[in-house]
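Spelled out from the first residue to the last, the chains are:
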Amino acid sequence: MTVQSIRLFGDPVLVTPANPVTDFDKELRNLVSDLTQTMQAAPGAGLAAPQIGVPLRVFVWDIDDELGHLVNPTLDLSEEMQEGEEGCLSFPNLSFDTPRAFRAVAKGFNMYGDPVVVEGTELLARCLQHETDHLNGVLFIDRMNSEQRKIAMKEIRESDWFGLANQNGFVPKIKISPHNTHGQGL
Ligand code: ZN
């Protein structure tokens, strides 16, 4: 049970769809534990397995003092949308306006293989969508309108971590400012 390195934008694992979990075993419970500890150390509000280099459909969150995790999720979304800033732990110290559905219902399994349903609005809904996207190799920049994405890509290219991702297997340690993201990076 350890804090893992968080993969940065540019790492191929972040744009690769993750595989469904088939074994609800001790290894899966260790993964949920590693994800939770890594998210809390960052600190962040959510983290998906591909962000620590594990291509499985698992994510965790820590929102309103509630820890959660979900395995093999599917999402139902409201038509009503929300606006607001969103951060991602794989894009340290940046956040951008990202449109999301206001409400999300996620169906999946807990780490013991029991079916669970998680319903959320606002930040929890945003998190469920952001993390499920990670499992599909989709990033928050893909959810922005073209104008916002242009602004985001400029800031990303100018950031001090840009280009450091996964060079020769090296995963850099990036100090995340809890100030910039208010600990709400996903
Ligand atoms: Zn993210």
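Coordinates for the structure precede this section.
I will try to describe carefully the structure that is included in this document.

Reading guide: rules and limits
Residues numbered from 1 in each chain as written. Predicted model: local features only at pLDDT ≥ 70, side-chain atom pairs only at ≥ 80, totals over all residues. Heavy atoms only, no water. Donors = N, O, S within 2.8 Å, 3.2 Å for Na, K, Ca; no water. Tetrahedral: all angles 85-135°; square planar, octahedral: opposite > 155°, others 65-115°. Helix = DSSP H or I, 4+ residues; strand = E, 2+ residues; numbered from the N terminus. Expected span 1.5 Å × (residues − 1). Buried < 20%, exposed > 50% of the residue type's maximum accessible area, 1.4 Å probe, protein only. Arc of directions from axis to C-beta. Core = buried A, V, L, I, M, F, W, Y, C linked by side-chain atoms within 4.5 Å. Contact = heavy atoms within 4.5 Å. Pairing = 2+ DSSP bridges.

Quick word on the coordination of the zinc ion
Here is step 1: Around the zinc ion, the protein contributes the donor atoms Cys88 (SG), His130 (NE2), His134 (NE2) and Leu186 (O), at 2.0 to 2.6 Å from the metal centre.
Here is step 2: Around the zinc ion, the 4 donor atoms sit at angles spanning 85 to 134°, and that spread fits a shape best called tetrahedral.
Here is step 3: In the primary structure, the donors to the zinc ion are separated according to the pattern C-x41-H-x3-H-x51-L. Here Cys88 is found in the loop between strand E5 (85-87) and strand E6 (95-97), whereas its partner Leu186 is found in the segment after helix H4 (178-181), with 98 residues between them in sequence.

What about helix H3 (residues 146-158)?
Helical geometry note: an α-helix holds 3.6 residues per turn, so side chains three or four residues apart project in the same direction.
Here is step 1: In this model H3 runs 18 Å from its N-terminal to its C-terminal C-alpha over 13 residues, within 8% of the 18 Å that 1.5 Å per residue would give.
Here is step 2: Residues of H3 that are buried: Gln148, Ala152, Met153 and Ile156. For H3, the angular spread of the buried residues around the axis is 135°, confining them to a single face. Turned more than 90 degrees away from the buried face of H3, the exposed residues are Glu147, Lys150, Arg157 and Glu158.

Considerations on the nonpolar core
Here is step 1: Residues Phe9, Phe91, Phe140, Ile141, Ile156 and Trp161 are the most contacted members of the largest nonpolar core, which totals 17 residues.
Here is step 2: Looking at this core, the element that brings in the most residues is H3, giving 3 residues.
Here is step 3: If near-sequence neighbours (up to four positions away) are discounted, Phe140 is found in contact with Glu86, Gly87, Cys88, Phe91, Phe96, Thr98, Arg100 and His130.
Here is step 4: Among the nonpolar cores identified, the runner-up in size contains 16 residues, and Val32, Leu35, Leu47 and Val58 belong to it.

Looking at the pairing of strand E3 (residues 66-77)
Here is step 1: As paired strands, strand E2 (residues 58-63) and E3 are joined by 6 bridges and run antiparallel to one another. Of the residues in E3, the one forming a bridge with Asp62 is Leu67.
Here is step 2: The pairing of E3 with strand E8 (residues 103-109) spans 5 bridges and is antiparallel. Bridge assignment links Asp76 to a residue of E8, and that residue is Val105.

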